[in-house]
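Here are the chains, one letter per residue:
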There are 2 protein chains.
Amino acid sequence: MNSDSLRAKIRLFVEQPLGQGQEIALSQGHAHYLFNVLRQSIGTQIALFNNRDGEWLAEIVAGSKRGATAQCRAQSAPQRSPPDLWLLFAPIKKARTDFIVEKAAELGAARILPVQTELTNSERIRQDRLQAHAIEAAEQCGGTFVPEVAALTPLPKLLADWPENRALIFADETLSEGARLAPLPPAPAAILIGPEGGFSGGERSRLRALPHVHPIALGPRILRADTAVVAALTLWQSQQGDWR
Amino acid sequence: MNSDSLRAKIRLFVEQPLGQGQEIALSQGHAHYLFNVLRQSIGTQIALFNNRDGEWLAEIVAGSKRGATAQCRAQSAPQRSPPDLWLLFAPIKKARTDFIVEKAAELGAARILPVQTELTNSERIRQDRLQAHAIEAAEQCGGTFVPEVAALTPLPKLLADWPENRALIFADETLSEGARLAPLPPAPAAILIGPEGGFSGGERSRLRALPHVHPIALGPRILRADTAVVAALTLWQSQQGDWR
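Residues numbered from 1 in each chain as written. Chains lettered and ligands numbered in written order. Predicted model: local features only at pLDDT ≥ 70, side-chain atom pairs only at ≥ 80, totals over all residues. Heavy atoms only, no water.

**Q** Pulling in residues and values, what's your account of the packing of helix α2 (residues 94–107) of chain B against helix α6 (residues 225–240) of chain B?
**A** All names here are of chain B. Taken N-terminus to C-terminus, the directions of α2 and α6 make an angle of 10°; their axes are 9 Å apart at the nearest point. Here α2 lies roughly parallel to α6, going by the angle between them. From α2, Arg-96, Phe-99, Ile-100, Lys-103, Ala-104 and Leu-107 reach across to α6, where they touch Ala-225, Asp-226, Val-229, Val-230, Leu-233, Thr-234 and Gln-237. When grouped by side-chain class, the residues that make up the contact of α2 with α6 number eight nonpolar, two polar and three charged. (Axes fitted to C-alpha atoms, helices over the stretch in contact; angles between N-to-C directions. Helix = DSSP H or I, 4+ residues; strand = E, 2+ residues; numbered from the N terminus. Parallel < 35°, antiparallel > 145°, perpendicular 65-115°, else oblique. Contact = heavy atoms within 4.5 Å. Nonpolar A, V, L, I, M, F, W, Y, C, P; charged D, E, K, R; others polar.)

So, in structure tokens, the structure goes:
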């Protein structure tokens, strides 16, 4: 028997503070999910987390069509926030953008920033829908942290306000193979993955002019943007993050 | 101007030998794709590869509804086959299985072996459809190699015939965090990713009894199977493969 058996299988992200005996009002959406989708009832044990107080085992103590109440019984895991790594990516087709957000949450990005570049096709994103994907991924991967999905921001604006101490790792498809794959810089850091068409010459010049920029080459084949996101997050987490 | 500008954007995998002046008969499917989907015509330059002869620039010299002919003009890239790394995975939901095959081809797996484990839901796969996904991924990622997608094979049969010198890296979710993330064993090697439910106790014991087995833990969060595939392939390629 491993430790998973002692933990509730149903995990929900909530906004409220969690603590011994605390009663948590669950939303109509959560009530629908618990009672209609999962066919649960009063007395079911669930796990709650809120990005601050770790994971709490809680019992459903009341419920209706309009909501439910859960009461915290005991902390089942400590708060565990990911290292200070941002993911910046240029939105692509819907399914692959959803996928990128899901994977970034699973792999432990602290913030997710959709970026508009010169060769980005999308001019808008559904920020609320992407945030919901990040929540669902965190609920399913057993984490206690949901990364914030920021609003779509033009790359020049992001670079103009770039924090001086934050390393910026970017996948540069013009770099010769194998160049600077490792070591990657430590936190605070950010990974930037461009659109399928890559960065423009002007963008690449601006990126290279930043103080803590770190271009990397991800192997001899051309990776799709979604693959490059997972590959770059994996390399950073294994070298500098919480996989060590 | 980078080297991509000198290379044809349309890339097709074919079975026939490629060489100077060689005429290649393209299939009805290829003809439909070239003439109807991409709106190309006689005289278009395309790139061909066949897993053996590198990439060849070829010109479409004849075409009809039933097929097309291309003639090789010059070799545009040398043959580049991936290192001897197999990916073994337990099929999951259709879209995520497709995704795994696509990513394995992009990331440079030499063979893809769908495996039936005790907790695998799927009892069959569409081998031809998965092979077509691998071909499409290789065409799009600029590679010159398409990994073979093998038939679905039960895990005990695979392990009974396991080649003695091939290291078997498997993601073991019961392993304590950070254990044995690196270094990974060199080629010949294989990565095995289990189904969402993990391996059974019996399977885990059989795996651990193999001579060159190497269990790894992929970070503190629970990764979905498709994420674990990309993460494990990335780690191996960056440590032992052709990303160095």
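**Q** Residue-level account of the sheet that holds strand β2 (residues 23–26) of chain A, with values.
**A** Residue and element names in this part refer to chain A. Reading across the sheet, the five strands line up as β1-β3-β4-β5-β2 and stay open at both edges, with mixed pairing between neighbours. If you trace the sheet from one side to the other, it starts and ends with β1 (11–13) and β2, each paired once. Strand-to-strand twist across the sheet, computed as the mean angle between neighbouring axes with direction ignored, equals 40°. Where helix α1 (residues 28–37) meets the sheet, its contacts fall on β1, β2, β3 (45–49), β4 (55–64) and β5 (67–77), and the angle it forms with β4 comes to roughly 90°. Helix-sheet contacts for helix α3 (residues 127–140) involve β1 and β3, and the interaxial angle to β1 is about 145°. (Pairing = 2+ DSSP bridges.)

**Q** Describe α1(A), listing the residues and the values that go with them.
**A** Three or four residues apart is the spacing at which side chains of an α-helix point the same way, because the helix has 3.6 residues per turn. Residue and element names in this part refer to chain A. When we look at burial in α1, the residues that qualify are His-30, Ala-31, Leu-34 and Phe-35. For α1, the angular spread of buried residues about the axis comes to 105°, placing them on one side. Where α1 is buried, its residues touch β1, β2, β3, β4, β5 and α3. Where α1 terminates, the next one or two residues include Arg-39, which has phi positive at roughly 55°. (Buried < 20%, exposed > 50% of the residue type's maximum accessible area, 1.4 Å probe, protein only. Arc of directions from axis to C-beta.)

**Q** Which residues make up the pattern of salt bridges, and what values do they have?
**A** Tallied over the entire structure, the rule returns 36 salt bridges over all chains. When the shortest N-O distance is used, the salt bridge between Glu55(A) and Arg11(A) registers 2.8 Å. Separated by 44 residues along the polypeptide, Glu55(A) in strand β4 and Arg11(A) in strand β1 bring together distant segments of the chain. With a relative accessible area of 1%, Glu55(A) lands in the buried category. Notably, a salt bridge pairs Asp226(B) with Lys103(A), separated by 3.0 Å at the nearest N-O pair. Of this pair, Asp226(B) sits in helix α6 while Lys103(A) sits in helix α2 (residues 94–107), on two different chains. Of the two residues examined, Asp226(B) and Lys103(A), each falls in the buried class. Through salt bridges that share partners, Arg96(A), Arg224(A), Asp226(A), Glu102(B), Lys103(B) and Glu106(B) make up one connected network. (Salt bridge = Lys/Arg side-chain N within 4 Å of Asp/Glu carboxyl O.)

**Q** Let's hear about the packing of aromatic side chains: which residues, and what values?
**A** Scanning the entire structure with this criterion turns up seven aromatic pairs over all chains. When the centroid spacing of 5.8 Å and the interplanar angle of 80° are considered together, the rings of Trp86(A) and Trp162(A) count as edge-to-face. One end of the pair, Trp86(A), is in strand β6 (residues 85–89); the other, Trp162(A), is in the loop between α4 (155–160) and β10 (167–171), with 76 residues separating them in the sequence. On the basis of relative accessibility, which here comes to 12%, the residue Trp86(A) falls in the buried class. Note on Phe170(B) and Phe199(B): the rings are 5.7 Å apart at their centroids and 80° apart in plane angle, and the pair reads as edge-to-face. With Phe170(B) in strand β10 (residues 167–171) and Phe199(B) in the loop between β11 (189–193) and α5 (201–208), this residue pair connects regions lying 29 residues apart in the sequence. Each member of the pair Phe170(B) and Phe199(B) is classed as buried. When the ring centre of Trp86(A) is taken as reference, the NZ or CZ atom of Arg111(A) above it lies at 4.8 Å. Taking NZ or CZ as reference, Arg166(B) lies 3.7 Å from the ring centre of Trp86(B), over its face. (Phe/Tyr/Trp six-rings, centres within 6.5 Å; stacked < 30°, edge-to-face > 60°. Lys NZ or Arg CZ within 6 Å of the ring centre and 35° of its normal.)

**Q** How would you sum up the nonpolar core? Please name residues and give values.
**A** Counting residues in hydrophobic clusters, the biggest one holds 82 residues, and the most contacted among them are Leu87(A), Ile191(A), Ile193(A), Leu87(B), Ile191(B) and Ile193(B). Beyond its immediate chain neighbours, meaning those up to four positions away, Ile191(B) contacts Leu85(B), Trp86(B), Leu87(B), Leu88(B), Ile169(B), Ala232(B), Leu233(B) and Trp236(B). (Core = buried A, V, L, I, M, F, W, Y, C linked by side-chain atoms within 4.5 Å.)

**Q** Lay out the packing of α2(B) against helix α3 (residues 127–141) of chain B in plain terms, naming residues and giving numbers.
**A** Residues and elements named next belong to chain B. Between α2 and α3, whose axes approach to 8 Å, the crossing angle comes to 45°. Viewed along their axes, α2 and α3 adopt a mutual orientation that is oblique. Every pair of crossing elements has a handedness; the one defined by α2 and α3 is right-handed. Across the interface between the two elements, Lys-94, Thr-97, Asp-98, Val-101, Glu-102, Ala-105 and Glu-106 of α2 pack against Arg-129, Leu-130, His-133, Ala-134, Ala-137 and Cys-141 of α3. (Left-handed = near helix turned anticlockwise from the far one by under 90°.)

**Q** Before we move on, could you go through unusual backbone geometry and cite the residues and values that matter?
**A** Peptide bonds are, in most cases, trans, and in most cases residues other than glycine have a negative phi. All names here are of chain A. Cis geometry is found at the peptide bond from Ala-187 to Pro-188, where omega equals 0°. Within the secondary structure, Pro-188 is located in the loop between β10 and β11 (189–193). For Arg-39, which is not a glycine, the phi torsion comes out positive at approximately 55°. With respect to the helices, strands and loops of the structure, Arg-39 is situated in the loop between α1 and β3. Classification of Arg-39 as exposed rests on a relative accessible area of 68%. The residue Asn-51 is not glycine, and still its phi comes out positive at about 75°.

The analysis is restricted to geometry; functional conclusions fall outside its scope.
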